Amino acid sequence: HYLEGLSSVGNFSFAQLWKIPLLIYFIYCCYRYDRKWYTFEKTSYLLSFENFFCPAIITNPFSIVIHASKQLPLVLCFNFWMSLFKNKKDLMENILYSIAQYICITSLIVLLGLIKPIRGFASAEVYGDGLIYYTALFNAIHCSSSYFCISTIVLLYGLKNGKFTTKGQITFNAILIIVGVYSLLKSYVRTGWLMFFVGCIMLIDWKKINFSNLHRYILWFLVGICALLLFFLNNTDFRNRITEKNVWNQDKEVEIDGSGRFDYWKVSLTNYVKNDWYGLLFGKGLDGVKDDMERAIGYRIFSHNHFVDILAAYGLFGLILLVFYFISLYFFIKKYCK
């Protein structure tokens, strides 16, 4: 991950180059280890295969292959762990905690100044003087905030459920949790903050809440809300990020349309309905969606909504498969992950 800050090699970033052999190995595992696939796995593979029916496969096949490949890691990793570690639950759990600890430790050594990332940090001074999008060793802003969020939630889960027993283990992991929360806050990404909030709610065992202990949960909830409110009122940088006030609009007495995502969705949907019947079914590819956006708003970006992007880029069939994938994944989690 440290080396991912190196320059790209041709059309491939260093991050893609070192992950391609890993992806090939995971695909080999699908052939090597014969097991029954769950519905969400089959749907994910179908979604990747559906991408190749997009008209952009003729004009820009490279982008289609890249997007189809990005759908695969989750199910390929799932297949790998299920094939090799199915009956080794404790070992899998220890590996999961180790990865979470690794992510927090890599952030700690950056925070302490022991290592400086090759690429450095992206500037967030549009929201305040000297602000950065902190990413530790991970170069992508939103991905790094997701790493901080998930690793902290995993360690909180272990602490809550007695995974760490000795005083040394508890202290060590409590420090890493603090590092994870601080890294997440410093990453300055609202998506990561929201993920962490939802994750903390999911850590609550709702079945154990009854009339006798309800007051404790209410008290903790009020304390959390008050702390968040005080932080919002007294931290200008945090308040600017939440309300999307920046150097261009903070002094203007006009209503701000947030981050503009509703406008992005509207542009994509408006251009999607203009397709012919084949385009309605299989889309026009992500490059076509970005071209539409550039003509409409001047920026060559996607619509910042996975459902809208899939519909516009890979058509109605793509959207149906994506929705069915999430539904089947939900029922899998509900059935097996107690």
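Here, the structure is the one placed above.
Presented here is a report on the structure given in the accompanying data block. Worth saying up front: this structure is predicted, and the values here are computed from it rather than measured.

## Examining the side chain of S144
Then step 1. Note that S144 resides in helix α7 (residues 141–160).
Then step 2. The buried category is assigned to S144, whose relative accessible area is 0%.
Then step 3. Excluding anything up to four places from it in sequence, S144 contacts Y134, T135 and F138.

## A word on the pattern of salt bridges
Then step 1. Following the criterion strictly, the structure yields six salt bridges and no others.
Then step 2. In this structure, the salt-bridge partner of D287 is R300, at a minimum N-O distance of 3.6 Å. On the criterion of sequence distance, the pair formed by D287 in helix α14 (residues 286–297) and R300 in the loop between α14 and α15 (306–336) is long-range, its members being 13 residues apart.
Then step 3. Assessed through its relative accessible area of 23%, D287 is described here as partly exposed.
Then step 4. Put simply, R295 and D292 hold a salt bridge, and the shortest N to O gap is 2.3 Å. Note that R295 and D292 are positioned in helix α14 at a spacing of three residues, about one turn of the helix.
Then step 5. Judged by relative accessible area, D292 falls into the buried class, the value being 7%.
Then step 6. One network of salt bridges, in which partners are shared, links K284, D292 and R295.

## Re the state of the cysteines
Then step 1. Going through the model one piece at a time under the given rule, you end up with zero disulfides.
Then step 2. C29 carries a free sulfur, and the closest cysteine sulfur to it, the one in C30, is 7.3 Å from it.
Then step 3. Since its relative accessible area comes to 0%, C29 is described here as buried.
Then step 4. Considering cysteine sulfurs only, C200 is the nearest to C149, which forms no disulfide, with 7.8 Å between them.
Then step 5. Note on C149: relative accessible area 2%, which makes it buried.

## Concerning the side chain of S187
Then step 1. Note that S187 resides in helix α8 (residues 167–187).
Then step 2. Here S187 falls in the buried class, since its relative accessible area comes to 0%.
Then step 3. Within the structure, the side chain of S187 is placed 2.5 Å from the backbone oxygen of L184, a separation counted as a polar contact.
Then step 4. For S187, the residues in contact, after removing those within four places along its chain, are Y133, Y134, S145, F148 and W193.

## Digging into helix α12 (residues 261–272)
Then step 1. Given a rise of 1.5 Å per residue, 12 residues ought to cover 16 Å, and the 16 Å separating the end C-alpha atoms of α12 matches this to within 8%.
Then step 2. Three or more residues of α12 are buried, namely Y264, V267, S268, N271 and Y272. Down the axis of α12, the buried set is contained in an arc of 130°. They therefore lie on one face. Within α12, the exposed residues directed more than 90 degrees away from the buried face are F262 and K266.
Then step 3. On its buried side, α12 packs onto α13 (277–282), α14 and α15.

## Some remarks on the nonpolar core
Then step 1. Y133, A136, F148, L184 and Y188 are the most contacted members of the largest nonpolar core, which has 20 residues in total.
Then step 2. Looking at this core, the elements with two or more residues in it are α6 (89–111), α7 and α9 (190–202).
Then step 3. Broken down by element, this core gets its largest block of residues, three residues, from α7.
Then step 4. Other than its neighbours up to four places away in sequence, L184 contacts S145, F148, C149, G192, W193 and F196.
Then step 5. Counting 15 residues, the second largest nonpolar core, distinct from the first, contains L72, L76, F78 and F332.

## A closer look at a nonpolar patch on the surface
Then step 1. Taken together, the side chains of L194, F197, V198, I201, M202 and W206 define a hydrophobic patch exposed on the protein surface, amounting to about 650 Å² of accessible area.
Then step 2. The residue I201 is located in helix α9 in this model.

## Some details on the layout of surface pockets
Then step 1. Its volume calculated, the second largest pocket comes out at about 1500 Å³.
Then step 2. Along its surface, the second largest pocket is lined by 32 residues, and F196, F197, C200, W220 and G224 are the ones closest to its centre.
Then step 3. For the lining of the second largest pocket, the elements supplying multiple residues, two or more each, are α7, α8, α9, α10 (214–234) and α11 (236–243).
Then step 4. Considering every element that reaches the lining of the second largest pocket, the biggest residue donor is α10, with 13 residues.
Then step 5. Residue composition of the lining of the second largest pocket, grouped by class: 27 nonpolar, one polar and four charged.

## Points about the environment of F62
Then step 1. With respect to the secondary-structure elements, F62 resides in helix α4 (residues 61–70).
Then step 2. Separated by 107 residues in sequence, F62 and Q169 have C-alpha atoms that sit 47 Å apart.
Then step 3. Those residues in contact with F62 that lie beyond four places of it in its chain are N11 and F12.

Conventions used here
- Residues numbered from 1 in each chain as written.
- Predicted model: local features only at pLDDT ≥ 70, side-chain atom pairs only at ≥ 80, totals over all residues.
- Heavy atoms only, no water.
- Helix = DSSP H or I, 4+ residues; strand = E, 2+ residues; numbered from the N terminus.
- Buried < 20%, exposed > 50% of the residue type's maximum accessible area, 1.4 Å probe, protein only.
- Contact = heavy atoms within 4.5 Å.
- Salt bridge = Lys/Arg side-chain N within 4 Å of Asp/Glu carboxyl O.
- Disulfide = S-S within 2.5 Å.
- Polar contact = N/O pair within 3.5 Å; in protein donor to acceptor, adjacent residues only side chain to side chain.
- Expected span 1.5 Å × (residues − 1).
- Arc of directions from axis to C-beta.
- Core = buried A, V, L, I, M, F, W, Y, C linked by side-chain atoms within 4.5 Å.
- Patch = residues over 30% accessible without salt bridge, like charges linked within 9 Å, V, L, I, M, F, W, Y side chains within 5 Å.
- Areas by Shrake-Rupley, 256 points an atom, 1.4 Å probe, with all protein chains shown as cover.
- 1 Å grid on protein atoms, 1.4 Å probe; cavity = no way out; pocket = protein on both sides within 12 Å on 5 of 7 lines; lining within 4 Å.
- Points joined across faces, edges and corners; volume = space filled by probe spheres on them.
- Nonpolar A, V, L, I, M, F, W, Y, C, P; charged D, E, K, R; others polar.

From the geometry alone we can't say anything about function, so treat these as descriptive.
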